[in-house]
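These are the residues of each chain, in order.
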Amino acid sequence: KRALPWDPERHCLHHFVEVAAARTPEAVALRWQGQTLTYAELNAQANRWARQVQRQGVQPQTRVGLCAGVSLELIVAILAILKAGAAYVPLDPEMPPARRKLILEDAGLSLVLQDLHAFGLSKEHVLMPSGRELKVMDLLQSRPRPVINP
């Protein structure tokens, strides 16, 4: 097989996934603990999440918090954030709550994608000490719909 034309100096990671989904949609893109996603499935799920993230007001150059254990959902979420034009701020589920609160406030986040079991922000909206509202979406509960590339 020919390698896919991807130059990390000129293309973002999510572009590679889009090209792979178009060229080899049924090829396995991810395999983790007995689960697999093809390139077509990975791209479709990332597109769904990217649209959902954009509906929450995320625009290019914004930062989105991301807290999840190693999983297929973590990779889908990273791609979705990149497709939305945003950057992700990784949040360690094991960090002390005071450190977590400092990072959430300091990074100027308005949205966190989380694995509820990993991070534990159980509310859909959290009021930060500055008065800014933080929206929280659970990666395992929310099931966004659109499939086309954002």
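Look above for the structure.
Remember, predicted model here, so these are calculated numbers, not experimental data.

Parameters and conventions
- Residues numbered from 1 in each chain as written.
- Predicted model: local features only at pLDDT ≥ 70, side-chain atom pairs only at ≥ 80, totals over all residues.
- Heavy atoms only, no water.
- Phe/Tyr/Trp six-rings, centres within 6.5 Å; stacked < 30°, edge-to-face > 60°.
- Helix = DSSP H or I, 4+ residues; strand = E, 2+ residues; numbered from the N terminus.
- Buried < 20%, exposed > 50% of the residue type's maximum accessible area, 1.4 Å probe, protein only.
- Expected span 1.5 Å × (residues − 1).
- Axes fitted to C-alpha atoms, helices over the stretch in contact; angles between N-to-C directions.
- Parallel < 35°, antiparallel > 145°, perpendicular 65-115°, else oblique.
- Left-handed = near helix turned anticlockwise from the far one by under 90°.
- Contact = heavy atoms within 4.5 Å.
- Nonpolar A, V, L, I, M, F, W, Y, C, P; charged D, E, K, R; others polar.
- Core = buried A, V, L, I, M, F, W, Y, C linked by side-chain atoms within 4.5 Å.

Caption draft 1: Quick peek at the packing of aromatic side chains. All chains considered together, the criterion is met by one aromatic pair. Taken together, a centroid distance of 6.2 Å and an interplanar angle of 80° make the contact between F16 and Y39 edge-to-face. Here Y39 lies in helix α2 (residues 39-55) and F16 lies in helix α1 (residues 13-23), a separation of 23 residues in the sequence. We classify F16 as partly exposed; its relative accessible area is 21%. Residue classification places Y39 among the buried residues on the basis of a relative accessible area of 16%.

Caption draft 2: Broad picture of the environment of G69. Here G69 lies in the loop between β3 (63-67) and α3 (72-83). A C-alpha to C-alpha distance of 7.5 Å links G69 and P93, two positions 24 residues apart in sequence.

Caption draft 3: Molecular detail of α2. The end-to-end C-alpha distance of α2 is 24 Å, a good match for the 24 Å that 17 residues give at a rise of 1.5 Å each. Those residues of α2 that sit buried are Y39, L42, N43, A44, A46, N47, W49, A50, Q52 and V53. Where α2 terminates, the next one or two residues include G57, which has phi positive at roughly 95°.

Caption draft 4: Representation of the packing of α1 against α2 within the structure. The N-to-C vectors of α1 and α2 enclose an angle of 130°; their axes lie 8 Å apart at closest approach. Here α1 lies oblique to α2, going by the angle between them. When the axes of α1 and α2 are compared, the crossing they make is left-handed. Touching F16, V17, E18, A20 and A21 of α1 are Y39, A40, L42 and N43, all from α2. Taken together, the residues of the contact of α1 with α2 break down into seven nonpolar, one polar and one charged.

Caption draft 5: Fine view of unusual backbone geometry. Look at Q33: it is not a glycine, yet its phi comes out positive at around 45°. Positionally, Q33 belongs in the loop between β1 (28-32) and β2 (35-38). The phi dihedral of Q61 is positive, around 80°, even though this residue is not glycine.

Caption draft 6: Here's a closer look at the packing of α1 against α3. Relative to each other, α1 and α3 sit at 105°, their axes nearing to 9 Å. Taken together, α1 and α3 sit at an angle that is classed as roughly perpendicular. Contacts between α1 and α3 pair L13, H14, V17 and E18 from the former with L79, L82 and K83 from the latter. By residue class, the composition of the contact of α1 with α3 is four nonpolar, one polar and two charged.

Caption draft 7: Structural view of the nonpolar core. One finds V64, L66 and L113 to be the most contacted residues of the largest nonpolar core, which totals 26 residues. Looking at this core, the elements with two or more residues in it are α2, β3, α3 and β5 (111-114). Among the elements that make up this core, the one with the highest residue count is α3 (eight residues). Leave out the neighbours within four places in its chain, and L66 touches L74, A77, I78, I81, Y88, V89, P90, L91, L113 and L139. In this structure, L91, M95, I103 and L104 belong to the second largest nonpolar core, which totals 10 residues.

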